[in-house]
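Residues per chain, in single letters:
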There are 2 protein chains.
Amino acid sequence: MLSEFDLIRQYFVRPGAPGPQVELGIGDDCALLRPTPGTSLAISSDMLVEGRHFFAGEDARRLGHKSLAVNLSDLAAMGARPVGFTLALALPAADRDWLAGFAAGLFALADAHACPLIGGDTTKGPLNLCITIFGEVEAGRALRRDAARPGDDVWISGTLGDARLALAALRGEVAVSAEALAAATPRLTMPTPRVALGRLLAEQGLARAAIDISDGLVGDLGHILARSKVGATLDVDALPAGPVLATREPALRRAFTAAGGDDYELCFTAAPSRRDAIAAAGAACGTPVTRVGRIEAAAGLRLTDGHGAPLDLQLAGFDHFT
Amino acid sequence: MLSEFDLIRQYFVRPGAPGPQVELGIGDDCALLRPTPGTSLAISSDMLVEGRHFFAGEDARRLGHKSLAVNLSDLAAMGARPVGFTLALALPAADRDWLAGFAAGLFALADAHACPLIGGDTTKGPLNLCITIFGEVEAGRALRRDAARPGDDVWISGTLGDARLALAALRGEVAVSAEALAAATPRLTMPTPRVALGRLLAEQGLARAAIDISDGLVGDLGHILARSKVGATLDVDALPAGPVLATREPALRRAFTAAGGDDYELCFTAAPSRRDAIAAAGAACGTPVTRVGRIEAAAGLRLTDGHGAPLDLQLAGFDHFT
């Protein structure tokens, strides 16, 4: 029988120094961070619940990846450099195979971002993964939701909608070939947080406001508009669809790019004078960036087709309680 | 129907500036903290699961108190001053009465410690409360588990065992009068984190190692011994029993003071030269402090009775998986 302390020791404590800002890692009442002078500490917490954020029986390695990826994506949306994270884990049982897979997926992504596990909690209970992540961003450079200004361009990183298409297929809502499903599913189960792009946008002062797209673009951009007290026009046909969704009919493409979910791309706003520098930043980190709209003084979000004609799509962001 | 965003707005967003170190609170991808120069940031995460850490149907207000109290207790054990916390919450349903009660209990304690809620997550799922808390402690002053030295006194704050007695009574393991149960139960459901004492011990450099007693003294002191590579002798009859447990038979008193659980008192070590200053610190913050043993070079924990004779108690700390 694996004890709680053996479980932590065997699967979650790793050799070596945890990181430059980590004064004390796992094994005390608290972890200790020594933040870099002149930076703000960015903090985000996400809780993933079985049957809600992932299917029961989901592969443990992919789950380890995704649970950290969604938090790294929040740092990316703030323009912060990862510093470390805590993991609180409720498990129905201490299953060695599951733990080994989960830790492998978790640490592969953590290592890729030099983001060490610094503490947490382990308990028995219905499967629940709660990660709180810490990052640093130069004081005054954080990409806040309340910073968009009329005249700003609206940008999107990467492509949208393939995660939503995979989810719809797995739920039996949309018919998708096995091959197409295999191509789209990694966008749902193994999202890529745009940390490098977020850092460049903040460090070089290129973007004003940013958010990561987790609940669908229309809903998430709506948070920027509300916090910044502005409106926007969005060219729905300019939204870059994922390669699988791009082969589908226009109505589905519009719905799943504009209001899909689980994209973990960045939506950000920037002055038009920054266009070339933003394109260069995207190229420098290998992440496509696309201009898809414009921030305006008039409140509300106006959707248009590729010819500028108004589109009346019934779209809404995801909500856990309605 | 209460939406996720309404839920957060109505029950968890509060007017006013959140706190001196909080640059940005609830409502963005990340919260932003601006740590005080010359301090280390102490971070702890605790997850509370229904049926595991509290009984199903537990009063929401008490639950709000306890979920923050256990985290404040971790800051206390590090000697850190509270700065803020995040709350990730999985709820079976958005029940207004429950939310109002939970928020009332949570914020009453948060306000008492000037510790604002700065962010978090809300989702649907089996009831699960995950708080990550942040505190500051002067660089080099944190009370770490690995700092005990041979010759140190072992100290306990407050009293031990009444929480464990209440739990035993509620589980039907021990017969307790209704009056005694009513007196002991608040120790289980409304623990008092020893934040002021922890701060004095760190700020004035009085203690070396510290831990908070959540899984039973013997197990928790064992963590200090293991991390500090030392041993100790503990006078079990010197352990200050809670007022209800103090009226019970010696065997129960020994078991529940030495290895109860849910005490949320501090166990700390300090040089004998600090005795008077520690007594003064306890008096200054109204928390009794009691010397109960001695750190020794020889590994292992030796239990004695009040006459120094060895005691062979079968005791173990709480483990979630064995």
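Keep in mind it's a predicted model, so treat the numbers as computed, not measured.

Calculation rules
- Residues numbered from 1 in each chain as written.
- Chains lettered and ligands numbered in written order.
- Predicted model: local features only at pLDDT ≥ 70, side-chain atom pairs only at ≥ 80, totals over all residues.
- Heavy atoms only, no water.
- Pairing = 2+ DSSP bridges.
- Helix = DSSP H or I, 4+ residues; strand = E, 2+ residues; numbered from the N terminus.
- Axes fitted to C-alpha atoms, helices over the stretch in contact; angles between N-to-C directions.
- Contact = heavy atoms within 4.5 Å.
- Buried area = accessible area lost by both parts, 1.4 Å probe.
- Salt bridge = Lys/Arg side-chain N within 4 Å of Asp/Glu carboxyl O.
- Polar contact = N/O pair within 3.5 Å; in protein donor to acceptor, adjacent residues only side chain to side chain.
- Nonpolar A, V, L, I, M, F, W, Y, C, P; charged D, E, K, R; others polar.
- UniProt positions renumbered as here; feature names shortened; annotations may be inferred.
- Least-squares fit on C-alpha atoms with pLDDT ≥ 70 in both.
- Buried < 20%, exposed > 50% of the residue type's maximum accessible area, 1.4 Å probe, protein only.
- Domains from an automatic or database assignment.
- Parallel < 35°, antiparallel > 145°, perpendicular 65-115°, else oblique.
- Left-handed = near helix turned anticlockwise from the far one by under 90°.
- Expected span 1.5 Å × (residues − 1).

Looking now at the sheet that holds strand S1 (residues 22-24) of chain A. Ordered in space as S1(A)-S2(A)-S3(B)-S6(B)-S4(B)-S5(B), the 6 strands form an open sheet in which the pairing is mixed. With one partner strand each, in any of the chains shown, S1 of chain A together with strand S5 (117-124) of chain B form the two edges of the open sheet. Strand-to-strand twist in this sheet, taken as the mean axis angle between neighbours without regard to direction, amounts to 20°. Pairing analysis gives 2 bridges linking S1(A) to strand S2 (residues 31-33) of chain A, with the strands arranged antiparallel. Bridge pairing in S2(A) places Val22(A) opposite Leu33(A). Running over the sheet, helix H2 (residues 60-78) of chain B touches S1 and S2 of chain A together with strand S3 (39-49), strand S4 (81-91) and strand S6 (128-138) of chain B and is turned about 30° from S6(B). Sheet strands touched by helix H3 (residues 96-112) of chain B: S4, S5 and S6 of chain B. Its angle to S4(B), the strand with the most contacts, is close to 165°.

So, on to the interface of chain B and chain A. Between chain B and chain A, the contact holds 72 residues from the first and 72 residues from the second. Taking both sides of the interface into account, the surface hidden between chain B and chain A amounts to around 5,500 Å²; carbon and sulfur atoms contribute 59%. Along the contact surface separating chain B from chain A lie 4 salt bridges. We note a salt bridge from Asp29(A) to Arg145(B), for which the minimum N-O separation is 3.3 Å. Joining chain B to chain A, the criterion identifies 23 residue pairs in polar contact (both at pLDDT 80 or more). Residue composition of the side of chain B that touches chain A, grouped by class: 37 nonpolar, 18 polar and 17 charged. By the bridge criterion, 3 bridges tie strand S3 (residues 39-49) of chain A to strand S2 (residues 31-33) of chain B in an arrangement that is antiparallel. From the neighbouring strand, Ile43(A) faces S2(B), where its bridge partner is Ala31(B).

All names here are of chain A. Following the UniProt record, the feature "binding site: ATP" (unreviewed entry) maps to Gly120, Asp121, Arg145 and Ser214 here. In terms of the greatest pairwise C-alpha distance, the residues named above, spread along 95 residues, do not form a single cluster, extending to 30.9 Å across. Here glycine 120 is to be found in strand S5 (residues 117-124). Note on placement: serine 214 falls in the loop between strand S8 (210-213) and helix H7 (217-228). Among all residues touching serine 214, those that are not within four sequence positions of it are Asp220, Gly261, Asp262 and Tyr264.

Attention now moves to the relation of the copies chain B and chain A. Between the two copies, chain B and chain A, the superposition gives an RMSD of 0.0 Å; the rotation angle is 180° and the shift along the axis is 0.0 Å. When the rotation and shift are considered jointly, the pair of chain copies conforms to a two-fold rotation axis. In this assembly the copies share their binding face: 100% of the residues contributing to the interface of chain B also contribute to that of chain A.

With that settled, consider helix H4 (residues 162-170) of chain A. All names here are of chain A. In terms of burial, H4 is a largely internal element, 8 of the 9 residues being buried. Within H4, burial applies to Asp162, Ala163, Arg164, Leu165, Ala166, Leu167, Ala168 and Ala169. For H4, the elements touching its buried residues are helix H5 (178-189) and helix H8 (250-258). Of the residues flanking the end of H4, it is glycine 172, one or two places downstream, whose phi is positive at about 75°.

Take the domain arrangement of chain A next. Residue and element names in this part refer to chain A. Domain assignment breaks chain A into domain 1 (4-138) and domain 2 (145-304). A straight line from the C-alpha centre of domain 1 to that of domain 2 covers 26 Å. Counting each side, the surface lost to burial between domain 1 and domain 2 is near 1,600 Å², with a carbon and sulfur contribution of 63%. Taken together, domain 1 and domain 2 are joined by 2 salt bridges. Its salt-bridge partner being arginine 199, residue glutamate 138 comes within 2.8 Å of it at the nearest N-O pair. In this assembly, domain 1 and domain 2 are joined by 6 residue pairs in polar contact (both at pLDDT 80 or more).

The next subject is the packing of helix H1 (residues 4-11) of chain A against helix H3 (residues 96-112) of chain A. Any two packed helices are characterised by the angle at which their axes cross and by the distance between the axes. Residue and element names in this part refer to chain A. Following both chains from N to C, one finds H1 and H3 inclined at 40°, their axes separated by 10 Å at the closest point. Here H1 lies oblique to H3, going by the angle between them. Crossing angle aside, the handedness with which H1 passes H3 is right-handed. Across the interface between the two elements, Leu7, Gln10 and Tyr11 of H1 pack against Arg96, Leu99, Ala100, Ala103 and Phe107 of H3. When grouped by side-chain class, the residues that make up the contact of H1 with H3 number 6 nonpolar, 1 polar and 1 charged.

Residues and elements named next belong to chain A. Across the sheet, which stays open at both edges, the 6 strands sit in the order S8-S10-S7-S11-S9-S12 with mixed pairing between neighbours. Looking along the sheet, the strands with just one partner apiece sit at the ends: S8 and strand S12 (300-304). When the angles between neighbouring strand axes are averaged without regard to direction, this sheet yields 25°. Sheet topology places strand S7 (residues 153-157) next to strand S11 (residues 289-296); 5 bridges connect them, and they run antiparallel. Bridge pairing in S11 places valine 154 opposite glycine 293. Sitting on the sheet, helix H2 (residues 60-78) touches S8 and strand S10 (265-270), and the angle it makes with S8 is about 160°.

The next subject is H3(B). Residue and element names in this part refer to chain B. The end-to-end C-alpha distance of H3, which contains 17 residues, comes to 24 Å, matching closely the 24 Å that a straight helix rising 1.5 Å per residue would cover. Every buried residue of H3 is listed here: Trp98, Leu99, Gly101, Phe102, Ala103, Gly105, Leu106, Phe107, Leu109 and Ala110. On its buried side, H3 packs onto helix H1 (4-11), H2, S4, S5 and S6. The positive-phi residue at the C-terminal boundary of H3 is alanine 114, with phi of around 50°.

Residue and element names in this part refer to chain A. You can see leucine 313 is positioned in the segment after S12. Taking the C-alpha atoms as reference, leucine 313 lies 8.6 Å from arginine 254; in sequence the two are 59 residues apart. Residues contacting leucine 313, with those up to four places away along its chain left out, are Val236, Arg254 and Leu303.

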